[in-house]
Amino acid sequence: MNLDRLFYGPEVARRDPTENVVVVESSSIRHSVLLAAALIFAPRLAAQPFPAAPALATTAEATAPAPADTKAAGKKWYEKVEISGLLFGDVYAVLAHHDPDVDGQWGFWLRRGYLTFDVEVAKAWSARFRLEVNSPGDFESSAKMTPFVKDAYVAWKGADNELFFGISPSPTFELVEGSWGYRAVEKTPLDLYRLGSSRDFGVAWKGKAAGGKLSWHAMLGNGAGEGGETNEGKKAMLSVAYRPTKELVVEAYADTEDRPDSTDRTTFHAFAGYKGTRSRYGVEYATQKRTAREGPDQTVTVASVFGAWEAGEKLSLLARLDRSFDGIPDAGDIPYLGLAADTKFDLAIVGAEYRVHRMISVIPNLEYVAYRETDGRPAPDDDLIARLTLYVRF
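Given the structure is predicted, the values throughout are model-derived calculations rather than measurements.

## Description of the pattern of salt bridges
Pairing between side chains of opposite charge can happen when their charged atoms approach one another. One pass over the structure, following the stated rule, counts 21 salt bridges. Notably, a salt bridge pairs Asp-261 with Arg-293, separated by 3.9 Å at the nearest N-O pair. Of the two residues, Asp-261 sits in the loop between strand S11 (248-257) and strand S12 (265-275) while Arg-293 sits in the loop between strand S13 (279-290) and strand S14 (298-310), which places them 32 residues apart along the sequence. Owing to a relative accessible area of 60%, Arg-293 belongs among the exposed residues under this scheme. A salt bridge links Glu-367 to Arg-387; its shortest N-O distance comes to 2.8 Å. One end of the pair, Glu-367, is in strand S17 (residues 360-371); the other, Arg-387, is in strand S18 (residues 383-393), and 20 residues separate them in sequence. Counted as one network, the salt bridges with shared partners bring together Asp-90, Arg-111, Glu-186, Glu-367 and Arg-387.

Now the structure itself:
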């Protein structure tokens, strides 16, 4: 990376194809670093007391233990900051592909890198600042990896409620992704097929009731993911989950997005997940209606089922099957995969996770795409991609 360009060069903006967001280089990255530093040092500055005359303490006061709040307030600034991150990437080989230009390619890429700063601002208040970086994944671009802001929010947490302001996780597939558990292998269906974003800029409310069996996540955001707002329309999202037992969870989700030029979208999905002692399963159905400015409206519907099984202390197996009931117009823009646009398909994923260490996993996996005849058009050739994935957390 060119450090002179990063810190002193002119500001340049481009669109990140992997996340459909605008990434601002140079000065914006400089601002990101300054914001991260501010989050780290703000608690230290806030903790500095004004000088005051010492007060005489009684014997009882001198021997009494300090209240819990006083102990928390007395933390050093570095004790209030937690730094974490993750990396996952692959050695990949395209064994077969409907696009002759992609067929036969192989190489190395980093599909995700996180650097996260979590800060304890005050009692019940916290903040998160996270940067993400990844390879383009379009089989064409040679652009260098450029960090962008993934999370930047302030949160308040009560007994049964949490409030968020800023760029924070959306309700769209947060629960599904946690149940699937293999984001390092592949995204969940709504994320992978570009039916929603994992983040949005706005306000969010998480709550729970009935002893935690009932929970919800509501959000009002710009509808632009991690990018900036460009129109007056907004996106409203709501997820409601119910856990009748500790093993079972069911979720219903809906959103509505006011988009420019009468291209509004509404999305619905239902999910059920089960987690046993040594295995977990999930099934999801999702549909999205896309209003078209010109031509007929479009509906995109997908279904998915997955399973994961512990085969030993360090070994787990995974499998997933997705079905697209409709062609997806922008499927060719899906990074690291590049599906055929406007074509029905089935996607199968199989893999095995070997845990070298509790923070390091090696996951060989295969993704196979079988296309189907769509609107009288013959199915293109199938896709087969092999990957050896390394997943590291720190």
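Now that the structure is up, let's keep going.
## As for the pairing of S12
Judged from the ten bridges that link them, S11 and S12 form a sheet pairing that is antiparallel. By the bridge assignment for S12, Glu-257 is matched with Arg-265. Here S12 runs beside S13; their pairing, made up of eleven bridges, is antiparallel. The residue of S13 that forms the bridge with His-269 is Ala-286. If you look at the hairpin formed by S12 and S13, you'll find three residues sitting between the two strands.

## Quick notes on the confidence of the model for the chain
When pLDDT is averaged along the chain, the result is 86; 81% of the residues meet or exceed 70. Confidence drops under pLDDT 50 across residues 1-64; counting only partners more than four residues distant or on other chains, this segment forms 87 contacts.

## Quick look at the side chain of Lys-235
Locating Lys-235 in the fold gives a position in strand S10 (residues 235-242). With no salt bridge to any partner, buried Lys-235 finds its closest opposite charge in Asp-255, at an N-O distance of 4.0 Å. Residues within four places of Lys-235 in sequence aside, it is in contact with Gly-196, Asp-200, Met-219, Leu-220, Gly-221, Asn-222, Gly-223, Asp-255, Thr-256 and Glu-257.

## Describing the nonpolar core
Residues Tyr-182, Tyr-193, Leu-318, Ile-334, Leu-339, Phe-345 and Leu-347 are the most contacted members of the largest nonpolar core, which totals 38 residues. Every element with two or more residues in this core is listed here: strand S3 (81-96), helix H5 (174-180), helix H6 (189-192), S14, strand S16 (345-357) and S17. Tallying contributions element by element places S14 first for this core, with four residues. If we ignore the near neighbours within four places in the chain, the residues touching Tyr-182 are Arg-280, Ala-308, Ser-316, Leu-318, Glu-353 and Ile-363.

## Side note on empty space enclosed by the protein
Overall, the coordinates contain two cavities of 30 Å³ or more when judged by the stated rule. What lines the second largest cavity is Val-176, Trp-180, Thr-188, Pro-189, Gly-282, Val-283, Glu-284, Ser-304, Phe-306 and Arg-320. Per element, the largest residue contribution to the lining of the second largest cavity is three residues, and it comes from S13. Classifying every residue of the lining of the second largest cavity gives five nonpolar, three polar and two charged.

## Some words on the environment of Thr-291
In this structure, Thr-291 sits in the loop between S13 and S14. By relative accessible area, Thr-291 is classed as partly exposed at 29%. Sequence-wise, Thr-291 and Ser-262 are 29 residues apart; in three dimensions their C-alpha atoms are separated by 6.8 Å. When residues no more than four places from it in sequence are discounted, the contact partners of Thr-291 are Ser-262, Thr-263, Asp-264 and Asp-297.

## Notes on the packing of aromatic side chains
The relation between two aromatic rings is expressed through the spacing of the ring centres and the mutual angle of the planes. With the rule as written, the count across this model stands at 15 aromatic pairs. Ring centres 6.2 Å apart and planes at 80° place the aromatic pair Phe-165 and Phe-201 in the edge-to-face group. Linking Phe-165 in strand S7 (residues 161-169) with Phe-201 in strand S8 (residues 199-209), this pair joins segments that are 36 residues apart in sequence. For the ring pair Phe-271 and Phe-306, a centre distance of 6.4 Å and an interplane angle of 15° mean the geometry is stacked. With a gap of 35 residues between them, Phe-271 in strand S12 and Phe-306 in strand S14 connect regions that are remote in the sequence.

## Some thoughts on the environment of Phe-108
Relative to the assigned elements, Phe-108 resides in strand S4 (residues 106-122). Taking C-alpha positions, Phe-108 is 4.7 Å from Val-91, a pair spaced 17 residues apart along the chain. Filtering out sequence-adjacent residues up to four positions away, Phe-108 remains in contact with Asp-90, Val-91 and Tyr-92.

## Here's the deal with the pairing of S7
Pairing of strand S6 (residues 148-157) with S7, which is carried by six bridges, proceeds in the antiparallel orientation. Note on S7: the bridge partner recorded for Ala-155 is Phe-164. Note that S7 and S8 share nine bridges and pair antiparallel. Residue pairing for S8: Asn-161 is matched across the bridge by Gly-207.

Parameters at a glance
Residues numbered from 1 in each chain as written. Predicted model: local features only at pLDDT ≥ 70, side-chain atom pairs only at ≥ 80, totals over all residues. Heavy atoms only, no water. Salt bridge = Lys/Arg side-chain N within 4 Å of Asp/Glu carboxyl O. Helix = DSSP H or I, 4+ residues; strand = E, 2+ residues; numbered from the N terminus. Buried < 20%, exposed > 50% of the residue type's maximum accessible area, 1.4 Å probe, protein only. Pairing = 2+ DSSP bridges. pLDDT = per-residue confidence, 0-100. Contact = heavy atoms within 4.5 Å. Lys, Arg positive; Asp, Glu negative; His and termini not counted. Core = buried A, V, L, I, M, F, W, Y, C linked by side-chain atoms within 4.5 Å. 1 Å grid on protein atoms, 1.4 Å probe; cavity = no way out; pocket = protein on both sides within 12 Å on 5 of 7 lines; lining within 4 Å. Points joined across faces, edges and corners; volume = space filled by probe spheres on them. Nonpolar A, V, L, I, M, F, W, Y, C, P; charged D, E, K, R; others polar. Phe/Tyr/Trp six-rings, centres within 6.5 Å; stacked < 30°, edge-to-face > 60°.

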